Amino acid sequence: MERVLRDFIFALRNAGIRVSVSESLDAAHTLDLVGYEDRDTLKISLAAALAKTPHEKDIFKECFDRFFSFTDYSENVSESDIDFEAESDDLLAPLTTLLISGDQADIMTSLIQAVSKIQLSNMQFFTQKNPYSRRILSTMGIEGLDRDIRRLDETGMPGAMQQAEALRDARGRLFDYIRGYVNRYYDLFTHETRATMIERQLKDMKLSAVEERDFLHMLIIVKKMVKRLNDIHSRRRKSFRRGQLDFKKTMRKNITYQGPLFNIVWKKQKIDRPSLVVICDVSRSVRMIVRFFLLFLYSLNEVIGKIRSFIFCNNLIDVSHIFDDYPVERAVEILRTGRGLDIGLSRTNYGEAFINFHDQHMRNVDKKTTVIILGDGRNNYFEPETALLRKIQEKSKRLIWLNPESVPFWGSGDSEMKRYGPLCDVVKECNTLRHLERIIDDIL
Amino acid sequence: MVRSNDNITSIENIQQAFRGVDYICSKQIATTLYLAFRLNKPILVEGPAGVGKTDLAKKTASFLNLPLIRLQCYEGLDESKSLYEWKYGKQLLYTQILKDKLNDIVREKNNLAESLEAIHQYDDIFFSPRFLEPRPLLSALQQRKGSVLLIDEIDKSDDEFEAFLLEILSDFQISIPEIGTIAAKSTPYVFLTSNNTRELSDALKRRCLHLFIPFPDAQLERDIINIRVPDLGDSLRFQLVSFIQQIRKLDIKKLPSISETIDWARVLLLLHADCLNMEIVRSTLNVFLKFEDDIAVVNDRLYELTQQATKEGHA
């Protein structure tokens, strides 16, 4: 395959488009058909073979424009013709000789060798652009060139001075070119990875440590995550219990054939769309993390049809309508501060919350419902009401408890996790986005 | 495998030929078609509803003069409805008719094992192509002169069906357990359309060229109206397209598509309108707006929209 295409595909992959080997082969065939003559045709053709979603098309467009704007070095040095007496040749540094000869192909080769030698691909931050340009220059032998220029200056001869000036010009142009090269390299091959790097870090960061300014960032990541999970799980699917004959159905189906069993029906199960009840602790002990729980709850609320949300502290209230009525920041703020809601925010009382839930909202739970409790189980030594939790567990399909504290702290002090835990189907520690993602994947 | 590629020599050629069957092909569409024809690849067409995805396949069929075989996808679509089915009735009927013959064969045998053995020699005749009911996919492969296969709204089908399509899309062959592998007599041109109600699998996308048809720009839309509703006056066409283009920028539930623009143009033609005014727009809004809320939104801004449209129409 052609080098240009290979590099381009590499740049695309870097920008987040997944290009498989067979697709690169398609792209190569396309190239054979349409050639490089017409830029538009080339762009459309490669887009058809390589970018397969509207989102990818956008990325592709940007990448294409950036990639094929690479100019040749030749445009920069076309006017370089430096007169030199042959006798001084043997004393000159290699880079000086290169610039004097003005052979663009050789200069490019030397540049590319330098680039691969210092491993420009390791560059990750924009602050590294200058150091890397420097290193390219020094690998190409800029010291030798500088020494030559200095020596010519020192001779004090008019001719030599002129030569030094010409060399200085050539050096400046080379410098500019390399800086431009590094810039474009950064844009094409590094820029996008930085975005994914931030995302990766945020995903693994403890939710309580995420700062206010990253809130929007988190929102985007959470949305993306929920959307993806929903894409995978939102459709009702049938799973087949392999090899089990559904005798009743088979008989019914074959009545028309008067006995012979032509159509055999196997047993199958329908997997229902998830139905969720989420109960979230918003007290002070989980204050740092509750914002993200709510954020997540909000996103879930947007994509899952059957979901009821409750928050509690002293008592428990139904807040499903808040998510429907307000935009995300406002909804999260309202729920966090409890403003305008009938909720007391002083001391968490899990027992009271379970009583409230059991008395008023139990009808939301049936044998298809998954109940999720988000909280640290710190009950301020109130009555834990474990019997009610057991009732909830018995009536629901699954009861999941997500605790933001790490496991060793469970059961210490006023934490009732040691008593609540065994009553739940699943108990998990959950304090990074990745935890959340994995758990939600399980639920759906 | 032979394909009649005679009229597909260049991209411009395709554009021209499609104009001949009343379809305006943007360069993007034409280029993708050209590549698909040349590389023998299916095309996955995506885009908002009503931009002519299905029509593209239909017109391709009429321009290549090939039969169009259409498979409409829906949840629960399976092999027996898309690929082939055994004709149970016929099989039963034949066993009844041939009862005597079967008896003859069995009569001479002494015991059960021998009888079974004797019948075994003939059982293949009941599972031969004669008893096969071809469904769209199989019949597309059986066309001698080639065909255009349209797999419509693939996103509505189940994942399993998608996986099962892969064999057809990459190798143009299918496997029937009782008979064996059936290869295409001549490669069909395959179009898949999707409204993106769910993500398609990577495996499927990898096998296709991808074409995204967006809403057309004003110029293209005018051309389309011109070719589909040729009797509409020039100035009205300008105004109409400008109005629709403005509406697409509004925040409404369902944006009007090209097919709806065409419908509206036809309605205006029927009403003998020669320019847009508020009255006529208000009474025909429901032609291209399909939600009560959307109509309310547009109604509120009717004055400025109409003004803007008539202004641009004159310019």
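About the cut-offs
Residues numbered from 1 in each chain as written. Chains lettered and ligands numbered in written order. Predicted model: local features only at pLDDT ≥ 70, side-chain atom pairs only at ≥ 80, totals over all residues. Heavy atoms only, no water. Helix = DSSP H or I, 4+ residues; strand = E, 2+ residues; numbered from the N terminus. Buried < 20%, exposed > 50% of the residue type's maximum accessible area, 1.4 Å probe, protein only. Contact = heavy atoms within 4.5 Å. Areas by Shrake-Rupley, 256 points an atom, 1.4 Å probe, with all protein chains shown as cover. Phe/Tyr/Trp six-rings, centres within 6.5 Å; stacked < 30°, edge-to-face > 60°. Pairing = 2+ DSSP bridges. Expected span 1.5 Å × (residues − 1). Arc of directions from axis to C-beta. Salt bridge = Lys/Arg side-chain N within 4 Å of Asp/Glu carboxyl O. Axes fitted to C-alpha atoms, helices over the stretch in contact; angles between N-to-C directions. Polar contact = N/O pair within 3.5 Å; in protein donor to acceptor, adjacent residues only side chain to side chain. Core = buried A, V, L, I, M, F, W, Y, C linked by side-chain atoms within 4.5 Å. Buried area = accessible area lost by both parts, 1.4 Å probe.

> In this structure, what is going on with the overall build of chain B? I would like to understand it.
Each helix and strand in chain B was counted, giving 16 helices and nine strands. With 315 residues in all, chain B has 47% of them scored as buried. Counted over contacts in chain B with a minimum sequence separation of 6, partners at least 24 positions apart contribute 76%. Summed over its atoms, the accessible surface of chain B is roughly 15400 Å², and 50% of this surface lies on carbon and sulfur atoms.

> Just to check I follow, could you spell out the packing of aromatic side chains for this structure?
Given two aromatic rings, their pairing is described by the distance between the two centres and the angle made by the two planes. Scanning the model with the defined rule gives 21 aromatic pairs over all chains in all. Pairing A:Trp401 with A:Tyr420 gives two aromatic rings, centres 5.1 Å apart and planes at 20°, and the pair type is stacked. You can see A:Trp401 sitting in strand E7 (residues 398–403) and its partner A:Tyr420 sitting in helix H18 (residues 417–420), a full 19 residues away along the chain. You can call A:Trp401 buried: its relative accessible area is 0%. The exposure class assigned to A:Tyr420 is buried, which follows from its relative accessible area of 0%. With centroids separated by 4.9 Å and ring planes inclined at 85°, the aromatic side chains of B:Trp86 and B:Phe127 adopt a geometry described as edge-to-face. Placement of B:Trp86 in strand E3 (residues 84–86) and of B:Phe127 in the loop between helix H7 (112–120) and strand E4 (132–134) is noted, with a sequence separation of 41 residues between them. Residue class for B:Trp86 comes out buried when judged on its relative accessible area of 9%. Judged by relative accessible area, B:Phe127 falls into the partly exposed class, the value being 34%. An aromatic cluster is built from A:Phe312, A:Tyr350, A:Phe354, A:Trp401 and A:Tyr420, whose rings are joined through pairwise contacts.

> Would you mind going over the pairing of strand E7 (residues 180–183) of chain B with me for this structure?
Along any regular strand, the residues point their side chains to alternate faces of the sheet. Residue and element names in this part refer to chain B. Pairing analysis gives four bridges linking strand E6 (residues 173–176) to E7, with the strands arranged antiparallel. Residue pairing across strands places Ile174 opposite Ile182, the latter belonging to E7. The turn linking E6 back onto E7 is made up of three residues.

> What's the story with the environment of A:Leu95 in this structure? I'm lost.
All names here are of chain A. Checked against the element boundaries, Leu95 lands in helix H6 (residues 94–101). Residue classification places Leu95 among the buried positions, given a relative accessible area of 3%. Distance in space between the C-alpha atoms of Leu95 and Arg171 is 9.6 Å, their sequence separation being 76 residues. Here Leu95 is in contact with Met140, Gly141, Ile142, Leu145 and Leu174, once residues within four sequence places are set aside.

> Would you mind going over helix H8 (residues 129–140) of chain A with me for this structure?
Residues that lie three or four places apart on an α-helix share one face, since the helix turns once every 3.6 residues. Residues and elements named next belong to chain A. Helix length check: H8, at 12 residues, gives a terminal C-alpha distance of 17 Å against a target of 16 Å (1.5 Å per residue), a fit within 8%. Along H8, the residues that are buried comprise Tyr132, Ser133, Ile136, Leu137 and Met140. Each buried residue of H8 sits inside an arc of 140° when the element is viewed along its axis, so together they form one side. Gly141 occupies a position one or two residues after H8 and carries a positive phi of about 100°.

> How should I be thinking about the pattern of salt bridges in this particular structure?
Close approach of charged atoms allows side chains with opposite charge to pair. Counted according to the given criterion, the structure contains 25 salt bridges over all chains. The salt bridge involving A:Arg171 is made with A:Asp146; its shortest N-O contact spans 2.7 Å. Of this pair, A:Arg171 sits in helix H10 (residues 158–204) while A:Asp146 sits in helix H9 (residues 142–155), and the two are 25 residues apart along the sequence. Given the relative accessible area of 23%, A:Arg171 is considered partly exposed. Measuring nitrogen to oxygen at the nearest pair gives 2.9 Å for the salt bridge that ties B:Lys290 to B:Glu260. In this pair, B:Lys290 sits in the loop between helix H14 (278–284) and helix H15 (292–300) while B:Glu260 sits in helix H13 (residues 258–270), placing the two residues 30 residues apart along the sequence. Taking the relative accessible area as the measure of exposure, B:Lys290 reaches 45% and is therefore partly exposed. Exposure remark for B:Glu260: the relative accessible area of 6% places this residue in the buried category. Linked by salt bridges that have partners in common, A:Arg39, A:Lys43 and A:Asp65 make up one network.

> Is there a simple way to think about the environment of A:Leu389 in this case?
Residue and element names in this part refer to chain A. Relative to the helices and strands, Leu389 resides in helix H17 (residues 386–395). Linking Leu389 and Phe357, residues 32 residues apart in sequence, is a C-alpha distance of 9.8 Å. Contact partners of Leu389, with chain neighbours within four places excluded, come to Phe354, Ile373, Leu399, Trp401, Tyr420, Leu423 and Cys424.

> Looking at this structure, how should I read the sheet that holds strand E8 (residues 426–429) of chain A?
Adjacent strands of a sheet form backbone hydrogen bonds with each other and so pair up, either parallel or antiparallel. Residue and element names in this part refer to chain A. Here six strands make up an open sheet; going across it, the order is E5-E4-E3-E6-E7-E8 and the pairing mixed. Both edges of this open sheet fall to strand E5 (316–318) and E8, since each of them pairs with a single strand only. Averaged over all neighbouring strand pairs, the angle between strand axes comes to 20°, with direction disregarded. Bridge count between strand E6 (residues 369–374) and E7: five bridges; the pairing is parallel. In the strand pairing of E7, Thr370 is matched with Arg398.

> Would you explain the side chain of A:Thr30 in this entry?
The topology assignment puts A:Thr30 in helix H2 (residues 21–34). From its side chain, A:Thr30 meets the backbone oxygen of A:Asp26 in a polar contact 2.4 Å long. Apart from the residues lying within four places of it in its own chain, the contact partners of A:Thr30 are A:Gly35, A:Ser45, A:Ala49, B:Leu35 and B:Leu39.

> Is there a simple way to think about the sheet that holds strand E8 (residues 189–194) of chain B in this case?
Residues and elements named next belong to chain B. Taken in spatial order, the five strands make up an open sheet running E2-E5-E8-E1-E9, and their pairing is parallel. In this open sheet, the two edge strands, each paired with only one partner strand, are strand E2 (68–72) and strand E9 (209–212). The average undirected angle you get between the axes of adjacent strands in this sheet is 20°. Looking at chain direction, strand E1 (residues 43–46) and E8 are connected through four bridges and run parallel. When the bridges of E8 are listed, Val45 appears paired with Thr193.

> Help me out: how do you make sense of the nonpolar core in this one?
General note: in soluble globular proteins, nonpolar side chains tend to be found buried as a group. Counting residues in hydrophobic clusters, the biggest one holds 118 residues, and the most contacted among them are A:Leu50, A:Phe60, A:Ile136, B:Leu33, B:Phe243 and B:Trp264. Examining the composition of this core, we find that 13 residues originate from one element, H10(A), more than from any other. If we skip the residues at most four places from it in the chain, B:Leu33 touches B:Ile14, B:Phe18, B:Cys25, B:Ile43, B:Leu56 and B:Phe191.

> Any chance you could explain the interface of chain B and chain A here in plain terms?
One frequently used descriptor of interface size is the decrease in accessible area upon assembly of the parts. Counting residues at the interface gives 30 residues for chain B, matched by 29 residues for chain A. For the pairing of chain B and chain A, the buried interface totals around 2400 Å² over both sides, and the portion due to carbon and sulfur atoms is 61%. On the chain B side of the interface with chain A, the three residues burying the most area are B:Tyr88, B:Arg206 and B:His210, jointly 23% of the side's total. With its nearest N and O atoms 2.8 Å apart, the salt bridge here joins A:Asp26 to B:Lys41. Remark: the boundary between chain B and chain A carries nine residue pairs in polar contact (both at pLDDT 80 or more).

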